[in-house]
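Single-letter residue listing:
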Amino acid sequence: MATLLRSKLSNVATSVSNKSQAKMSGMFARMGFQAATDEEAVGFAHCDDLDMEHRQGLQMDILKSEGGEEGGEQPLEGDIHYQRDGTGPLPPSGSKDAGVCSELSGQGKPKITAWEAGWNVTNAIQGMFVLGLPYAILHGGYLGLFLIIFAAVVCCYTGKILIACLYEENEDGEIVRVRDSYVDIANACCAPRFPTLGGRIVNVAQIIELVMTCILYVVVSGNLMYNSFPNLPVSQKSWSIIATAVLLPCAFLKNLKAVSKFSLLCTLAHFVINILVIAYCLSRARDWAWDKVKFYIDVKKFPISIGIIVFSYTSQIFLPSLEGNMQNPKEFHCMMNWTHIAACILKGLFALVAYLTWADETKEVITDNLPSTIRAVVNIFLVAKALLSYPLPFFAAVEVLERSLFQDGNRAFFPNCYGGDGRLKSWGLTLRCALVVFTLLMAIYVPHFALLMGLTGSLTGAGLCFLLPSLFHLKLLWRKLLWHHVFFDVAIFVIGGICSVSGFIHSLEGLIEAFRTNAED
């Protein structure tokens, strides 16, 4: 009797605690502090792939509590989990498969509001890589500003049509969600002949983008530290090595719980830094070089600017997970509209005022143009943000690689890198350390922020944001599309393909030239 009473009191206490947390979560959400940040958005992309085997054929359902049998408590509103045929939960949050996904995708927590979803998208497309946008204006003038607007419109549209590919009409004429991830959409387009080809292509693109993001963080850390303390006898390569030494413990990460706590603080600090840069530029408004902004194109470097701008808008990879976790998915279109309008305005203003301030002296990372008295402080904050941001894309890339090469059942290329006790084996640790060293080598031999950003945007950014969504939309829903939708999809595919190829070629040429120069030195 005493045991039963203690159990009942424990259930009541847990229920009260959960309800209290839900209320506090809602309060902070309305204040703008609940949703995940730009780095946590990478976790959504990561979950798209890692949970594919769980999420195919899954449906959202409300789990019954352990005492949900006769006389038990009903689950709390918003306590949502994925279930297979509605019969059981996913692996526990402490398991390796659940890891980041349960933490970032909201398993066991109330579903997110449209404002929270908008916060995710805003931070995904307003991260620290906007620091390269003034450099894009340098080589494109007013056309670069137009491209910032055009990329926002196209990415908003392709995000919507990508979500449309998740739904189909059932026998009763109702629109139902039959897919859960970007990988599911890609596999559906390649079925029945190549049922897994599309997913593999998306996975490869995702790994490339995540690894390149890690490389960019190392490059920008070395660049910022070198330009902050030019009088020290330390080269940019040496600063990159020091940054990588700090990042080496990432190879031992088992989860991102400790790191993700700093995400919101880092993002808020970055917004403050952007405001400081704009404020300094406005203080020099009398000296703005309006005559330098023209309708011209640097044929050799403008395609690189296209990649930079596209990369700054990449968010499509995690949108299916985000939309699936919204309380009201019907608000997704409205959320996409205002987030991309806000991003377009802020990016355009930031890029324009920064370029007007420094004109032809605009550098790849705009904070390098600041006076030395301000530059050191701002750059140190940015380096701290870059170093704290690195573990999230790194961990996501490692998980995708481990799942593809070591954990894919009988199709795995190598033995499982985890022992029966869950500990990482030697070759698993070697893989992680090799990935950290690879990012360092790339940062040392090609320490060019704009070139790397342009290459990534042209290769994976344009593919995931322009080419694949329009292609999938035409393939899966072509019978129901209106003529203007078909026209938009074809136009985006063609324009995106041209921009992707030209930007990739010019970025690759620049990287090869830079690699040769560094090798000779």
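These lines cover the structure that appears in this document, whether it is placed above or below. Computed from a predicted structure; not experimentally measured.

### Observations concerning the pattern of salt bridges
All told, the structure shown has 4 salt bridges when counted by the stated rule. Its salt-bridge partner being E323, residue R177 comes within 2.9 Å of it at the nearest N-O pair. Taken as a pair, R177 in strand β4 (residues 175-177) and E323 in helix α14 (residues 319-324) lie far apart in primary sequence, 146 residues in all. According to the relative accessible area criterion, E323 is buried, its value standing at 2%. Across the pair D360 and K292 runs a salt bridge whose closest N-O atoms are separated by 3.2 Å. Here the residue D360 occupies a position in the loop between α15 (332-358) and α16 (372-389), and K292 occupies one in the loop between α12 (263-283) and α13 (302-311), the gap between them amounting to 68 residues. One network of salt bridges, with partners in common, ties together R177, D180 and E323.

### Side note on the nonpolar core
In this structure, Y313 and Y390 are the most contacted members of the largest nonpolar core, which totals 118 residues. Ranked by residue count, the leading element in this core is helix α9 (residues 197-228), at 15 residues. Residues in contact with Y390, not counting those within four places in the same chain, are C214, Y217, V218, L247, C250, V436 and T439.

### Describing the packing of aromatic side chains
By the definition in use, this model includes 9 aromatic pairs. Seen from their ring centres, W115 and W338 are 5.1 Å apart, and the 40 degrees between their planes marks the pair as tilted. Of this pair, W115 sits in helix α5 (residues 114-124) while W338 sits in helix α15; the two residues are 223 residues apart in sequence, bridging distant segments of the chain. Members of the aromatic cluster, each reached through a chain of ring pairs, are Y157, F487 and F488. Lying over the aromatic face of Y313, K347 brings its terminal NZ or CZ to 3.5 Å of the ring centre.

### Thoughts on the environment of N369
With respect to the helices and strands, N369 occurs in the loop between α15 and α16. On the basis of relative accessible area, N369 is assigned to the buried category, the value being 12%. Setting aside residues up to four positions removed in sequence, N369 forms contacts with W358, E361, T362 and K363. Polar side-chain contacts of N369 include one of 2.8 Å to the backbone oxygen of E361. Looking at N369, its side chain comes within polar contact range of the main-chain nitrogen of K363, at 3.0 Å.

The rules behind each value
- Residues numbered from 1 in each chain as written.
- Predicted model: local features only at pLDDT ≥ 70, side-chain atom pairs only at ≥ 80, totals over all residues.
- Heavy atoms only, no water.
- Salt bridge = Lys/Arg side-chain N within 4 Å of Asp/Glu carboxyl O.
- Helix = DSSP H or I, 4+ residues; strand = E, 2+ residues; numbered from the N terminus.
- Buried < 20%, exposed > 50% of the residue type's maximum accessible area, 1.4 Å probe, protein only.
- Core = buried A, V, L, I, M, F, W, Y, C linked by side-chain atoms within 4.5 Å.
- Contact = heavy atoms within 4.5 Å.
- Phe/Tyr/Trp six-rings, centres within 6.5 Å; stacked < 30°, edge-to-face > 60°.
- Lys NZ or Arg CZ within 6 Å of the ring centre and 35° of its normal.
- Polar contact = N/O pair within 3.5 Å; in protein donor to acceptor, adjacent residues only side chain to side chain.

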